[in-house]
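# Descriptive analysis of the structure
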Amino acid sequence: MRNMEVEKLKMSLERIEDPRRAKGGHILHKLENITIIGLCTIVCGGEDFLDMEEFGKEREEWLRKFLELPHGIPDSDTFRRVFERIDPEMLSECLYNWLGCHRKEGSVIAVDGKTIRGSKTDSHKAYHVVSAFAAENQLHWCLDIIFHEDASRACKDMSPLNMNVLRKTALALCKNADFGRRLSTQKKRFAAALNPLRLLDILFA
């Protein structure tokens, strides 16, 4: 059953245009795998691209149950380059659709208009991205205090927006996860970091 749920997530993410294909050459790591490992890292308390690489290496054996990883785990530079270049609006849409497709009615995410530090450039404006089951002020508090968004060093190109989408998706997943007892978002993330089964409970509640 969990494998089927992972496949649904992968299929949703396959809609994202991979900017690496424009340059040609051989792509070692699938975009959907990079995104899933990145999302899992954020759910488990990671904060940046170095954490994504470390999480992937620590959980590589477990990740191979769900993902094809013929070239192992991407390094931190690969995570950075991908999240700097993929379209955050498309990432947001794909994760939004995935959340909507396997959540109970009424528990899907809303949209807010938080401006992400570093997200304004000459080529685009800061815009609405996926949000997570909370009033706007509470959402901003969660992102800043729990996910340390204001301290994030991801500030180049599209990376601030893409990291924000991952954080908001992780927050939505944690808020929706039911462990059979009332736990804070921090406690759920800690449980996921300790136990891969708890991570699956959060991803596919």
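One structure accompanies this document, and this report is about it.

## A closer look at the overall build of the protein chain
Helix and strand counts for the protein chain come out as ten helices and two strands. Across the 205 residues in the protein chain, those meeting the buried criterion constitute 50%. Considering only contacts in the protein chain between residues 6 or more positions apart, those separated by 24 or more positions represent 72%.

## Section: the packing of helix α2 (residues 31-43) against helix α8 (residues 159-176)
Following both chains from N to C, one finds α2 and α8 inclined at 60°, their axes separated by 9 Å at the closest point. Regarding the angle of α2 to α8, the classification is oblique. When you trace α2 past α8, the crossing you get is right-handed. Note on element contacts: α8 touches α2 through Met 163, Leu 166, Arg 167, Thr 169, Ala 170, Leu 173 and Cys 174, opposite Gly 38, Leu 39, Ile 42 and Val 43.

## Quick notes on the packing of aromatic side chains
Per the stated rule, a full pass over the model turns up three aromatic pairs. Relative to Phe 83, the ring of Phe 49 lies with its centre 6.2 Å away and its plane at 10°, an arrangement referred to as stacked. Placement of Phe 49 in helix α3 (residues 49-58) and of Phe 83 in helix α5 (residues 76-85) is noted, with a sequence separation of 34 residues between them. Using a relative accessible area of 12% as the deciding quantity, one classes Phe 49 as buried. Ring geometry for Trp 98 against Phe 204: centres 6.1 Å apart, planes inclined by 85°, an arrangement best described as edge-to-face. Within this pair, whereas Trp 98 is found in helix α6 (residues 88-102), its partner Phe 204 is found in the segment after α10 (196-203), the two being separated by 106 residues in sequence. You can call Phe 204 buried: its relative accessible area is 6%. The ring centre of Phe 179 lies 4.3 Å from the NZ or CZ of Arg 198, which sits over that ring.

## Considerations on empty space enclosed by the protein
To find leftover empty space, one rolls a probe the size of a water molecule over the atoms. Tallying each qualifying case throughout the model produces one cavity of 30 Å³ or more. Here the largest cavity defines a volume of roughly 90 Å³. Listing elements by their share of the lining of the largest cavity, those giving two or more residues are α1 (2-13), α2, α4 (60-63) and α10.

## Some points on the pattern of salt bridges
Scanning the model with the defined rule gives nine salt bridges in all. Across the pair Glu 7 and Lys 10 runs a salt bridge whose closest N-O atoms are separated by 3.2 Å. Taken together, the positions of Glu 7 and Lys 10, both in helix α1 and three residues apart, correspond to about one turn of that helix. Between Glu 60 and Arg 64 there is a salt bridge, with its nearest N and O atoms 2.7 Å apart. If you follow the salt bridges from partner to partner, you end up with Asp 77, Arg 80 and Glu 84 in one network.

## Notes on the environment of Val 165
The topology assignment puts Val 165 in helix α8. The exposure class assigned to Val 165 is buried, which follows from its relative accessible area of 0%.

## Overview of the side chain of Lys 188
Looking at the secondary structure, you find Lys 188 in helix α9 (residues 185-194). Among buried charged residues, Lys 188 stands out as having no salt bridge; its nearest opposite-charge side chain is Asp 178, 6.7 Å away. A polar side-chain atom of Lys 188 sits 2.8 Å from the main-chain carbonyl oxygen of Cys 174. Beyond its immediate stretch of four places on either side in the chain, Lys 188 contacts Cys 174, Lys 175, Ala 177, Phe 179, Leu 183 and Ile 202.

## Describing α9
Those residues of α9 that sit buried are Thr 185, Lys 188, Arg 189, Ala 191 and Ala 192. Each buried residue of α9 lies within a common arc of 160° when the element is viewed along its axis, so the set occupies one face. For α9, exposure combined with an orientation more than 90 degrees from the buried face picks out Lys 187, Phe 190 and Leu 194.

What counts as what
Residues numbered from 1 in each chain as written. Predicted model: local features only at pLDDT ≥ 70, side-chain atom pairs only at ≥ 80, totals over all residues. Heavy atoms only, no water. Helix = DSSP H or I, 4+ residues; strand = E, 2+ residues; numbered from the N terminus. Buried < 20%, exposed > 50% of the residue type's maximum accessible area, 1.4 Å probe, protein only. Contact = heavy atoms within 4.5 Å. Axes fitted to C-alpha atoms, helices over the stretch in contact; angles between N-to-C directions. Parallel < 35°, antiparallel > 145°, perpendicular 65-115°, else oblique. Left-handed = near helix turned anticlockwise from the far one by under 90°. Phe/Tyr/Trp six-rings, centres within 6.5 Å; stacked < 30°, edge-to-face > 60°. Lys NZ or Arg CZ within 6 Å of the ring centre and 35° of its normal. 1 Å grid on protein atoms, 1.4 Å probe; cavity = no way out; pocket = protein on both sides within 12 Å on 5 of 7 lines; lining within 4 Å. Points joined across faces, edges and corners; volume = space filled by probe spheres on them. Salt bridge = Lys/Arg side-chain N within 4 Å of Asp/Glu carboxyl O. Lys, Arg positive; Asp, Glu negative; His and termini not counted. Polar contact = N/O pair within 3.5 Å; in protein donor to acceptor, adjacent residues only side chain to side chain. Arc of directions from axis to C-beta.

All quantities given are derived from atomic positions and should not be read as evidence of function.
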